[in-house]
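Secondary and tertiary structure notes
Chain by chain, the residues:
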Amino acid sequence: MKTMVYERIRNLREDKDWTQKHVSDLLFINRRTYGAYENGVNAMSPEILIRLSQIYHTSVDYILGQTDNPNPYERARKK
């Protein structure tokens, strides 16, 4: 499963024709740090996973390989 996570974030980025630098800027992190996520060197924090799911309009479950459906879940409404 670990490999799938890194493939998914790379594929999502490449599908948009974005560079690692562009995504790292959106995440407010260093490009080398983001590159280490894509290469499986560094583990992503829950905050980074959530932000990536928001950037790519998908779910954390999709990024983690728990589903093959890239569509995001409906967000819970605040009461």
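Going by the structure above, here's the rest.
Scope of this entry: the structure provided in the associated data block.

Conventions adopted
Residues numbered from 1 in each chain as written. Predicted model: local features only at pLDDT ≥ 70, side-chain atom pairs only at ≥ 80, totals over all residues. Heavy atoms only, no water. Phe/Tyr/Trp six-rings, centres within 6.5 Å; stacked < 30°, edge-to-face > 60°. Helix = DSSP H or I, 4+ residues; strand = E, 2+ residues; numbered from the N terminus. Buried < 20%, exposed > 50% of the residue type's maximum accessible area, 1.4 Å probe, protein only. Lys NZ or Arg CZ within 6 Å of the ring centre and 35° of its normal. Axes fitted to C-alpha atoms, helices over the stretch in contact; angles between N-to-C directions. Parallel < 35°, antiparallel > 145°, perpendicular 65-115°, else oblique. Left-handed = near helix turned anticlockwise from the far one by under 90°. Contact = heavy atoms within 4.5 Å. Nonpolar A, V, L, I, M, F, W, Y, C, P; charged D, E, K, R; others polar. Core = buried A, V, L, I, M, F, W, Y, C linked by side-chain atoms within 4.5 Å. Salt bridge = Lys/Arg side-chain N within 4 Å of Asp/Glu carboxyl O.

Further remarks concern the packing of aromatic side chains. All told, the structure shown has 2 aromatic pairs when counted by the stated rule. On the numbers, 6.5 Å between centres and 90° between planes, the contact of Tyr-34 with Tyr-37 is edge-to-face. One end of the pair is Tyr-34 and the other is Tyr-37, both in helix α3 (residues 31–38) and 3 residues apart, which spans about a single turn. Take Tyr-34 and Tyr-37: they sit in the same class, and that class is buried. Here the basic side chain of Arg-8 rests over the ring of Tyr-62, its NZ or CZ set 4.1 Å away from the ring centre.

On to the packing of helix α2 (residues 20–27) against helix α4 (residues 46–55). Angle between the axes and distance between the axes are the two parameters that describe a pair of packed helices. Following both chains from N to C, one finds α2 and α4 inclined at 115°, their axes separated by 10 Å at the closest point. When the interaxial angle is binned, α2 and α4 end up roughly perpendicular. You can see that α2 and α4 cross each other, and the crossing is right-handed. Contacts between α2 and α4 pair Val-23, Leu-26 and Leu-27 from the former with Ile-48, Arg-51, Leu-52 and Ile-55 from the latter. When its residues are assigned to classes, the contact of α2 with α4 shows 6 nonpolar, no polar and 1 charged.

You can see Ser-59 is positioned in the loop between α4 and α5 (60–63). Ser-59 gets classed as buried once you look at its relative accessible area, which sits at 3%. C-alpha separation for the pair Ser-59 and Val-5, spaced 54 residues apart in sequence, amounts to 12 Å. Ignoring anything within four residues of it in the chain, the contact list for Ser-59 reads Ser-53, Thr-67, Asn-69, Pro-70, Asn-71, Pro-72 and Tyr-73.

For the rest of this paragraph, the subject is the nonpolar core. In terms of nonpolar packing, the biggest core is built from 16 residues, with Ile-9, Leu-27, Tyr-34, Met-44, Leu-52, Tyr-56 and Ile-63 touching the most fellow members. For this core, the secondary structure elements donating two or more residues are α1 (2–15), α2, α3, α4 and α5. With sequence-adjacent residues up to four places away left out, Tyr-56 is seen in contact with Ile-9, Leu-12, Arg-13, Lys-16, Trp-18, Val-23 and Tyr-34.

This paragraph deals with the pattern of salt bridges. What the rule picks out here adds up to 5 salt bridges. A salt bridge links Glu-14 to Arg-13; the nearest nitrogen and oxygen atoms lie 4.0 Å apart. Across the pair Glu-38 and Arg-13 runs a salt bridge, and its minimum N-O distance is 2.5 Å. Highlighted residues: Glu-38 in helix α3 and Arg-13 in helix α1, separated in sequence by 25 residues. Both residues of the pair, Glu-38 and Arg-13, belong to the buried class. Each of the salt bridges in this network shares a partner with another, and the network as a whole consists of Arg-10, Arg-13, Glu-14 and Glu-38.

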